[in-house]
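Working through the structure, step by step
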Amino acid sequence: MTFKDLGVIEPILKSLEIAGYTHPTPIQQQSIPILLDRKDLLGCAQTGTGKTAAFTIPIIQHLYNSIQELKGKRKIKALIVTPTRELAIQINDNITAYGQFTNIKNTVIFGGVKQGGQTDSLRRGTDILVATPGRLLDLISQGFISLKDVKYFVLDEADQMLDMGFIHDIKKLIAMLPAKRQSLFFSATMPASIIDLSRNILGNYEKVTIKPKQATAEKVEQAVYFVSKSNKPNLLVHLIEENPDASVLVFSRTKHGADKVVRMLAKSHIKAAAIHGNKSQGARQRALNDFKDGNLHVLIATDIAARGIDIEELQLVINYDLPNIPETYVHRIGRTGRAKASGIALSFCNVEEKEYLRDIQKLINQQIPVIEEHPFLLDDNEEVPLVQKPTKNQRKKNNRKAEHKPKEGETAKKPKRKFYGKKPK
Ligand code: AMP
């Protein structure tokens, strides 16, 4: 199967050849014909599957065919809404690449920066607008953007959109869109709230599912290290030093944690930068560019900031903390082993995180191999019980409570069951 077989037109085929895409990925094979046929689409897929090309190629093709004779200022005919700035920039860059031999105009808007450059570009006119929800609504309310000519609407990473609290913005936006349009809805997970939202957006649609299992199991080599919380910094330094030339993306659950890791690595003379929501857009973009260009080998990211980051040569993902949402693990390790490459994802798991590991393994339907030999193995006595054993004094107090006879009118309290050691399954 080739892109030509899918009905992709010559000017786009030329750009795909330059990008080095020889064959369409499964999501592209399934989605491109549906979208070229002008049907709505519900796509259950995460980044790393080739999703961006799957939805941008048909849009570029439709527009290319319709704007041949257009003169004058371009009006927004396609709107792509995505949760993060990084993802928005990336989608826009992809459109520029895939549309380089067409006369399509595209632009991107996102919050956290001054609006001047973005409004200038909007004034000049654009066919495709890629946007994050907040800035989009803001510029609509200021009169810089009209949605009345939109014929193609894409809501990308819908689950992340809801997690980030964008639901009201999205509903407001949907109400502004022309009723006659082609709609595309992408989400990595499909809980009930997402299905509900998709009903507000899609008409008669076709569904395409690319299971994360496929993406993770086949491409990414995974392993887990059992290590105490206090030894995680040492293990991280050790792994980075063992792989001096690798680009390493380290995930931290919290912004504060990410900054702490950067400071800790600096003490070991390892240069790293963090990207998270408290950093300015400029700082995030600089760190990301340095990382992509190979000038910075270690990048520490929180989940939201890293969502959608696309780095071609990313060899190693390290989960410094295991995520409590198993789908997040799949997103994280999907940063490596992108469409063409294979990659390695290593996870640090301390005692408190074992339940997260269990949930992850259930989701991906795989046992992640455990690295049995490393310099910071857990001692047996580091197996901290999930519920701490009571001290002698606490035990005495508990016994006294248990002996307490209820007075008249007082109901007897059931003594609480105590667990020592591991929590029963
Ligand atoms: P995405 O899921 O859109 O974030 O894409 C993941 C990565 O796969 C990006 O680096 C794309 O450039 C790349 N990619 C997309 N489609 C193909 C393809 N058909 N062949 C090779 N690489 C691709």
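Keep in mind that what you see is a predicted model, and the values were worked out from it rather than measured.

Turning our attention to the nonpolar core. In globular proteins that are soluble, nonpolar side chains generally tend to be buried together. By size, the foremost hydrophobic cluster in this structure holds 57 residues, and its most contacted members are L79, A131 and L155. For this core, the element with the most residues is helix α3 (residues 51-66), which contributes seven residues. In terms of nonpolar packing, the next biggest core, distinct from the first, is built from 45 residues, V250, V298, A301 and C349 among them.

Now for unusual backbone geometry. Backbone geometry at R38 places phi at a positive 65°, although glycine is not the residue there. Structurally, the position occupied by R38 is in the loop between α2 (26-36) and β1 (40-44).

What follows covers the confidence of the model for the protein chain. When pLDDT is averaged along the protein chain, the result is 85, and 85% of the positions lie at 70 or above. Confidence drops under a pLDDT of 50 for residues 384-391, and excluding neighbours within four residues, the segment shows 11 contacts in the predicted structure.

The next point concerns α2. Of the positions making up α2, those classed as buried are I27, Q28, Q30, S31, I32 and L35. Taken together, the buried residues of α2 touch β1, α3 and β7 (205-209). The positive-phi residue at the C-terminal boundary of α2 is R38, with phi of around 65°.

Attention now moves to the pairing of strand β3 (residues 106-109). Across a regular strand the side chains alternate sides, sitting on one face of the sheet and then on the other. Burial along β3 is two-sided: N106 and V108 facing one way and T107 and I109 facing the other are all buried. Bridging between β3 and strand β4 (residues 128-131) involves four bridges; their strand directions are parallel. From the neighbouring strand, T107 faces β4, where its bridge partner is L129. After leaving β3, the chain enters helix α5 (residues 116-124) and then returns to the sheet as β4, a path that is right-handed.

Attention now moves to the sheet that holds β1. The strand order across the open sheet built from seven strands is β3-β4-β2-β5-β6-β1-β7, with neighbouring strands paired in parallel fashion. The open sheet has two free edges, formed respectively by β3 and β7, since each of these has just one partner strand. When the angles between neighbouring strand axes are averaged without regard to direction, this sheet yields 15°. Relative to strand β6 (residues 182-187), strand β5 (residues 152-155) runs parallel, the two sharing four bridges. Note that in β6 the partner of Y152 across the bridge is Q182. Lying on the sheet, helix α6 (residues 133-141) is in contact with β2 (78-81), β3 and β4; it crosses β3 at an angle near 105°.

All of the buried residues in helix α11 (residues 232-242) are K232, L235, L236 and I240. Here the buried residues of α11 occupy an arc of 130° about the axis, which is enough to place them on one side. In α11, the exposed residues that point more than 90 degrees away from the buried face are E241 and E242.

Looking now at the packing of α6 against helix α8 (residues 167-176). Following both chains from N to C, one finds α6 and α8 inclined at 45°, their axes separated by 10 Å at the closest point. By the angle between their axes, α6 is oblique relative to α8. You can see that α6 and α8 cross each other, and the crossing is left-handed. On α8, the residues touching P133, G134, L136 and L137 of α6 are D169, I170, K172 and L173. Residues belonging to the contact of α6 with α8 are distributed by class as follows: five nonpolar, one polar and two charged.

Before going further, it helps to spend a moment on the sheet that holds strand β10 (residues 272-275). Taken in spatial order, the six strands of this open sheet run β8-β13-β12-β9-β11-β10, and their pairing is parallel. Each edge of the sheet is formed by a strand with only one pairing partner; in this case those strands are β8 (220-226) and β10. Neighbour to neighbour, the strand axes of the sheet diverge by 20° on average, direction disregarded. Pairing of strand β9 (residues 248-251) with strand β11 (residues 298-301), which is carried by four bridges, proceeds in the parallel orientation. The residue of β11 that forms the bridge with L249 is L299. In the packing of helix α13 (residues 281-293) onto the sheet, contacts are made with β10 and β11, and the angle to β10 comes to roughly 130°. Against the sheet, helix α15 (residues 326-333) engages β8, β9, β12 (316-319) and β13 (343-349), with an angle of about 155° to β12.

Right, let's get into the environment of D293. Here D293 is to be found in helix α13. On the basis of neighbour counts, which here come to 8 C-beta atoms within 10 Å, the residue D293 falls in the exposed class. In this structure the C-alpha to C-alpha distance between D293 and E313, which are 20 residues apart in sequence, comes to 9.7 Å.

Moving on to the pairing of β2. Residues A78 and I80 of β2 are buried on one face, and the alternating residues L79 and V81, pointing to the opposite face, are buried as well. Pairing geometry for β2 and β5, over four bridges, is parallel. In the sheet register, L79 faces β5, and the bridge partner there is F153.

Rules used throughout
Along each chain, numbering runs from 1 in the same order as the chain's sequence is written. This being a predicted model, a pLDDT of at least 70 is required before a residue's local features are given, and a value of 80 or more before pairs of side-chain atoms are given or counted; all residues contribute to the totals for chains, interfaces and linings. Under the definition applied here, buried Ala, Val, Leu, Ile, Met, Phe, Trp, Tyr and Cys residues are grouped into a nonpolar core through C-beta atoms within 7 Å. In this scheme the burial state of a residue depends on its C-beta neighbours within 10 Å: 20 or more other such atoms mean buried, 12 or fewer mean exposed, and anything in between means partly exposed; the C-beta positions come from the backbone. Strands are runs of DSSP state E lasting at least two residues, helices are runs of H or I lasting at least four, and both sets are numbered from the N terminus onward. A residue's pLDDT is simply how confident the predictor is in it, with values from 0 to 100. We call two residues in contact whenever the C-beta atoms placed from their backbones are within 7 Å. At least two bridges found by DSSP between two strands is the condition for calling them paired. Seen with its strands pointing away from the viewer, a crossover is right-handed if its path from the first strand over the helix to the second goes clockwise. Angles here are taken between N-to-C directions and fall from 0 to 180 degrees, while the axes themselves are lines fitted to C-alpha atoms, restricted in helices to the stretch in contact. Picture the helix axis, draw a direction to every C-beta atom, and the arc is the one those directions span. Orientation categories follow fixed angle ranges, with anything under 35 degrees roughly parallel, anything over 145 roughly antiparallel, 65 to 115 roughly perpendicular, and all other angles oblique. If you view the pair so one helix is near and one far, a crossing is left-handed when the near helix is turned anticlockwise from the far one by less than a right angle, and right-handed when it is turned clockwise. Residues are sorted three ways: Asp, Glu, Lys and Arg are charged, Ala, Val, Leu, Ile, Met, Phe, Trp, Tyr, Cys and Pro are nonpolar, and all the rest, Gly among them, are polar.

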